[in-house]
Amino acid sequence: MLPIIKEKWNEILELMKIENDIAEVAFTTWVIHFKPYKVEGNMLTVSVEKENLVLDANWFSKKFRMPLIISIAEVLETEFDVRFIIPDGTETDSDMEEEESKADSSAVNTHLNPRYTFDTFVVGKNNDIAHATALAVAEDPGTYGNPLFIYGGAGLGKTHLLHSIAHYVLSKHPDYRIIYVTSEEFTNELVHSIQHKQGESFKNKYRNIDMLLIDDIQFIVNKESTQEEFFHTFTTLYESKKQIVISSDKPPKDINGLEDRLITRFKAGLTVDIQPPNYETRMAILKKRAELDNIKVDDESLNYIATNIKSSIRELEGALKQIYNFSRLRKQTINFSLTKEALENIISPEEKRPVTCELIIETVAEHFNISPDDIKSTKRNKEIAYPRQICMYLCRKMTADSLQAVGNSLGKKDHTTIIHGEKKISDDLKKDENLQNTIDVLIKKINPPK
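This structure is a prediction, so every number in the text was calculated from the model and none was measured.

The helix and strand tally for the protein stands at 21 helices and 8 strands. Whereas a compact globule of 450 residues would reach a radius of gyration of roughly 22 Å, the protein reaches 23 Å, a difference of no more than 12%. Its C-alpha atoms put the protein at 60 × 55 × 50 Å along the principal axes. Nonlocal contacts in the protein, meaning residues at least 24 apart in sequence, comprise 73% of its contacts between residues at least 6 apart. Element-wise, carbon and sulfur atoms account for 48% of the exposed surface of the protein, whose accessible area totals about 22,700 Å².

Right, here's the structure in full:
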């Protein structure tokens, strides 16, 4: 991950400067000397590489830590905590930082997006019940609506609501121990704990908390060990009157492959859904995002986006971001003509993309933070070779393309290479639950359920 951070570092710093109105003198005096040093888990260590430095790491942490965390999340779409070190070896005093940031320390530890709050959630007819219910749960966690089960299609705001609940609770109860996790992360942690015989540590982490928010629960289907562990985690928290919030792409009764005992427990609390936003809500979402990101855009352009992108808030916001980046590249103000040009290659979310080798390659590359060209290359390092073999497996599984056609899509690989790659992944799936989880997630990304 560090090479990717280094590659995007200048963009991250520039975004931090713009969005936080950092004065030019402060930027050139301090910020340009920030360098990504190392990554451990979700902790990014930043070195302040400036000669004759009289300030300590705690000063930099207090002034720049949160703006940097937010900018990293915006550019990389991945949340990292940040700590600063000075080249002589001194680093942020963790005790001091914990005391100064007591109210948000739990949020950092649970990978919460600081921008996902109730204040930034746009309420419409499609989500007003889900919003009101989520707020009521946040007001009185563990009592009203436990568990809370939120379902709806991809990109409609389920994750935003989960984060909003956590932020709201932490604002009133800074000492609450809250974990937000995706079901994929939960499964991967469980697999790691089994491999390294750290079962007790895993149980202690998830069963001694005040609130658990788990996203995309549908990805644990047909994973017996994950369902078993989640069942016991759920039961422990529920009996202790600790709040549980769950999201899914469908209601509990429609999640095929989920154990009946889990479905029964999910249905015991409150179940609410989020529908695709109507036109008025889509316009409100775009205007809110433009306001938050300080993007000047005319109503005609917003109308064009809201009229043509109907099913996903994520795609609405992505279109707005694409227009903004396009305008900066062209050094032009945003108008209707520029908007149409910037979005001419975007496929309407109403049209389901056909599953092709190209789509599979794009999706796998994005998942593993590499480029499609890397997958099509002759590079043999594991970080690229293994995703390439996953592409071979998925192309054979999800398309009717011949071996030769798959090979051509992957950079003119011969058919024996495709057969070997497909077999390699098939064999690994029989013994690697972590890989099975990754494959399941990729399949759902490539061919989302209706």
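A word on the nonpolar core. Counting residues in hydrophobic clusters, the biggest one holds 27 residues, and the most contacted among them are Trp9, Phe34, Phe64, Leu68, Ile72 and Phe84. Ranked by residues supplied to this core, first place goes to helix H3 (residues 57–76) with 8 residues. Residue contacts for Ile72: discarding those within four places in its chain leaves Trp9, Ile12, Leu44, Glu77, Thr78, Phe80 and Val82. Core analysis: the next-biggest nonpolar cluster, separate from the first, contains 26 residues, Tyr393, Leu403, Val406 and Leu435 among them.

With that out of the way, let us pick up helix H1 (residues 2–19). At Lys8, H1 shows its maximal kink, close to 55°. Those residues of H1 that sit buried are Ile5, Trp9, Ile12, Leu13, Leu15, Met16 and Lys17.

Turning our eyes to something else, we now look at the packing of aromatic side chains. Applying the stated criterion to the full structure yields 17 aromatic pairs. Between Phe34 and Phe84 the ring centres are 5.2 Å apart and the planes differ by 65°, which places this aromatic pair in the edge-to-face class. Separated by 50 residues along the polypeptide, Phe34 in strand E1 (residues 34–40) and Phe84 in strand E3 (residues 81–85) bring together distant segments of the chain. By relative accessible area, which is 0% here, Phe34 ends up buried. Ring geometry for Phe186 versus Phe202: centroids 5.3 Å apart, planes at 65°, classification edge-to-face. Of the two residues, Phe186 is situated in helix H8 (residues 183–195) and Phe202 in helix H9 (residues 199–207); the sequence distance between them amounts to 16 residues. A relative accessible area of 1% places Phe186 in the buried class. Across the ring face of Phe27, the terminal group of Lys17 is positioned such that the distance to the ring centre comes to 4.9 Å. Note that Lys63 overlies the ring of Phe64, its terminal NZ or CZ placed 5.7 Å from the centroid.

Analysis parameters
Residues numbered from 1 in each chain as written. Predicted model: local features only at pLDDT ≥ 70, side-chain atom pairs only at ≥ 80, totals over all residues. Heavy atoms only, no water. Helix = DSSP H or I, 4+ residues; strand = E, 2+ residues; numbered from the N terminus. Rg over C-alpha atoms; globule rule 2.2 N^0.38 Å. Contact = heavy atoms within 4.5 Å. Areas by Shrake-Rupley, 256 points an atom, 1.4 Å probe, with all protein chains shown as cover. Core = buried A, V, L, I, M, F, W, Y, C linked by side-chain atoms within 4.5 Å. Buried < 20%, exposed > 50% of the residue type's maximum accessible area, 1.4 Å probe, protein only. Bend = angle between axes of the 7 residues up to and from the residue. Phe/Tyr/Trp six-rings, centres within 6.5 Å; stacked < 30°, edge-to-face > 60°. Lys NZ or Arg CZ within 6 Å of the ring centre and 35° of its normal.

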